[in-house]
Amino acid sequence: MGIDIIFKIAAIGILTAMINTILKKSDKDEIATLSTLAGLILVLLIVLDMLVQLFDTIKALFAF
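Residues numbered from 1 in each chain as written. Predicted model: local features only at pLDDT ≥ 70, side-chain atom pairs only at ≥ 80, totals over all residues. Heavy atoms only, no water.

Novice: Quick rundown of the environment of isoleucine 5? Include the residues and the values.
Specialist: Following the sequence through the fold, isoleucine 5 ends up in helix α1 (residues 3-25). When the C-alpha atoms of isoleucine 5 and valine 47 are compared, they prove to be 9.1 Å apart, with 42 residues separating the residues in sequence. When near neighbours in sequence (up to four residues on either side) are disregarded, isoleucine 5 contacts Ile46 and Met50. (Helix = DSSP H or I, 4+ residues; strand = E, 2+ residues; numbered from the N terminus. Contact = heavy atoms within 4.5 Å.)

Novice: Could you give me a rundown of unusual backbone geometry, with the residues and numbers involved?
Specialist: Phi is mostly negative for residues that are not glycine, and the peptide bonds are mostly trans. In this structure, aspartate 27 is a non-glycine residue whose phi angle is positive, near 60 degrees. Secondary-structure assignment places aspartate 27 in the loop between α1 and α2 (29-61).

Novice: Help me get a handle on the packing of α1 against α2, residues and values and all.
Specialist: Following both chains from N to C, one finds α1 and α2 inclined at 170 degrees, their axes separated by 8 Å at the closest point. Taken as axis vectors, α1 and α2 run roughly antiparallel relative to one another. Within the contact between the two elements, α1 uses Ile5, Ile9, Ile12, Thr16, Ile19, Asn20, Leu23 and Lys24 and α2 uses Asp29, Ile31, Ala32, Ser35, Thr36, Gly39, Leu42, Val43, Ile46, Val47 and Met50. Considered class by class, the residues forming the contact of α1 with α2 number twelve nonpolar, five polar and two charged. (Axes fitted to C-alpha atoms, helices over the stretch in contact; angles between N-to-C directions. Parallel < 35°, antiparallel > 145°, perpendicular 65-115°, else oblique. Nonpolar A, V, L, I, M, F, W, Y, C, P; charged D, E, K, R; others polar.)

The following block contains the structure:
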């Protein structure tokens, strides 16, 4: 769980930006906004999973 997470988030961001640009050029602004929102939600889920792992590690560290 190191730099690969950063690469995943960056890849999702790049793909989302590309899809957004393509959809906006073809006059599908609503779908472009939804695709951007989907990319954001996906990244937030990845970060949330990392936070859960962090809190589990901290709880295990201070468990007696």
